[in-house]
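Listed below, chain by chain, are the residues.
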Amino acid sequence: MAATNAMTASITKMQESGVRSQESEACTQDTGEQNSESRILNPESRIPNPKPFILLQTTDEDHHVARMAAVALGLTLLEGAIPSPLPGVKPGLANIVTLIVLVRYGWRTAVWVSLLRVFAGSLLFGNFLTPGFFLSLSGALISLLMLSFARHLPQRWFGPVSHSILAAFAHISGQMTVVYFWLIPNAGLAYLLPVFAAAALVFGILNGIIAARFLKDN
Amino acid sequence: MFLPYIKVGDWLIITLSTGLVIYLTLTLWTGELADKAVIRSGGKVFREVPLSHDQTIAVPGPLGISIIAIEHRRARIASDPSPRQYCVRQGWLQQAGEIAICLPNQVSVELVGSHKRYDSLNY
C-alpha cells in the first residue's frame, strides 16, 4: 500500500513538473526543435497563446478510483472469456472489487468504480448503448442502491457476504425488470427466474467470500 | 476454510435467500408451462394453436361467434354469445390443464403442456 502511495505521489509530482516545463517552453519558443509541441506553439499560429495540451488536475483519490476500476475491468474481460451455460449467467467477478472498495473507501467511491467499469467495459466490448450495456447499467445501479442500504447493517454480524448476496439479487431483479418492460414483455420470462436467482445466490456467496478474504488478509 | 469469512448475519441472509430461490423454483416451475391451446367447437377440435404468439381467433358455434384471445402465453375467451358469460368471466388461463367452456355455444379452450397431468380441472 505504501509503495503504491509513493507511486501516486511521484506521478503527481511528474505532472506538476510537466506543467512547469511546458510553461517554460512556451516562454522560450526558439529551440529550433521540430517536435509536435513546437509545431503547436508555432508563432505564426492565428490562435493567440495556444495551450500545449489540457492537463486535468487529478487527486490521489482519482488515481485510486481509476486503479480500482482498471482491476474491475480486467476481471470483466477475464470473465468474458469464461463460457457460460446460459446467456446472462455470469459470475460477476468485477463486483468483488466493488465490495472491497465499499468497505474500505465508502459508497461514493464504490459508485465511481462500478459505473466506470460499466462504461469503460462497454467501450472495450463494443456494446456501448446496446441492450447489453443498459442491462449492465441497470444491474449496477440497482445493486449500488441496494448496497447503500446494506452497508448500514451492523458490521458485527453482517459482512461482505451479505452485501454480495443482496447486491446480486438486486442486480438480477433490476435486469429482469428492464428485460421484461423493454426487451421481452413475455410472461414466459418468469420460467428463467429460478435459474437466475440460483446463480445470484451461488455467485453472490462466492464473490462475498473472496471479498471478505481480501479484506481480512490486508 | 470458507467458514471464518461468513458471519452470523451472513448465514441468516444465505438461509433467507436460499428459501427465496426454493420458493421461486416451486411456484414458477411446478405449474407446467402450457404451450398450446386446444379450441373445441361442438365437441370436435376446431384448432390447436401455440401460445407463443398473440392472436385472436373467431370460433363459430350454434349461438354465434366466440372470440378467443391469446396474449403473453395466456388464453381467454374475449367474447361469447352465451347468456351468463361464465366462460368470459373466467378470465385468463395460464397453466396446463386449465379450461374454459362456453356450454351454450359449445365452444371450449383448453391449455395443454407437453404431457397431460390431469383429465380436467374444476374450480
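Conventions used here
- Residues numbered from 1 in each chain as written.
- Chains lettered and ligands numbered in written order.
- Predicted model: local features only at pLDDT ≥ 70, side-chain atom pairs only at ≥ 80, totals over all residues.
- Contact = placed C-beta atoms within 7 Å.
- Helix = DSSP H or I, 4+ residues; strand = E, 2+ residues; numbered from the N terminus.
- Nonpolar A, V, L, I, M, F, W, Y, C, P; charged D, E, K, R; others polar.
- Expected span 1.5 Å × (residues − 1).
- Buried ≥ 20, exposed ≤ 12 C-beta atoms within 10 Å, placed from the backbone.
- pLDDT = per-residue confidence, 0-100.
- Pairing = 2+ DSSP bridges.
- Core = buried A, V, L, I, M, F, W, Y, C linked by C-beta atoms within 7 Å.

Asker: Is there a simple way to think about the interface of chain A and chain B in this case?
Answerer: Buried accessible area, meaning the area lost when the parts come together, often serves as the stated size of an interface. Every contact between the two is made by 24 residues of chain A and, on the other side, 21 residues of chain B. Per element, the largest residue contribution to the side of chain A that touches chain B is ten residues, and it comes from helix α8 (residues 193-217) of chain A. Taken together, the residues that form the side of chain A that touches chain B break down as 18 nonpolar, four polar and two charged.

Asker: For this particular structure, what's the right way to read helix α7 (residues 160-183) of chain A?
Answerer: Spacing of three or four residues puts side chains on the same side of an α-helix, whose turn is 3.6 residues. Helix length check: α7(A), at 24 residues, gives a terminal C-alpha distance of 32 Å against a target of 34 Å (1.5 Å per residue), a fit within 8%. Among the 24 residues of α7(A), 17 are classified as buried, and the element is accordingly described as predominantly covered.

Asker: What is the right way to look at the confidence of the model for chain B in this model?
Answerer: Atomic detail in the predicted coordinates should be set aside for any region of low pLDDT. Confidence in the prediction of chain B, expressed as mean pLDDT, is 85, and 89% of residues score 70 or more. Reported confidence for the predicted complex is 0.71 by ipTM and 0.64 by pTM.

Asker: I would appreciate a short explanation of the pairing of strand β5 (residues 74-79) of chain B in the present structure.
Answerer: Looking down a regular strand, the side chains alternate between one sheet face and the other. Residues and elements named next belong to chain B. By the bridge criterion, five bridges tie strand β4 (residues 65-71) to β5 in an arrangement that is antiparallel. Across the sheet, residue I70 finds its bridge partner in β5, namely A75. Hairpin connection of β4 to β5: two residues between the antiparallel strands, including H72 at a positive phi of 50°.

Asker: I tried to follow the pairing of β4(B) on my own but got confused; where do I start?
Answerer: Residue and element names in this part refer to chain B. Burial along β4 is one-sided: S66, I68 and I70 are buried, and none of I65, I67, A69 and E71, which face the opposite way, are. As judged from the six bridges shared by strand β3 (residues 55-60) and β4, these two strands associate in the antiparallel manner. Bridge pairing links Q55 to I70 in β4. The hairpin formed by β3 and β4 contains four residues between the paired strands, and G64 there has a positive phi angle of roughly 155°.

Asker: Explanation requested: the nonpolar core in the structure shown.
Answerer: One broad trend across soluble globular proteins is that nonpolar side chains are buried collectively. Counting 41 residues, the largest nonpolar core has A:V97, A:V113, A:I165 and A:A200 as its most contacted members. Contributing elements (two or more residues each) for this core: α3 (60-80), α4 (94-105), α5 (107-125), α6 (131-150), α7 and α8 of chain A together with α1 (8-30) of chain B. It is α8(A) that contributes the most residues to this core, eleven residues altogether. Leave out the neighbours within four places in its chain, and A:I165 touches A:L201, A:G204, A:I205, A:G208, B:I13, B:I14 and B:S17.

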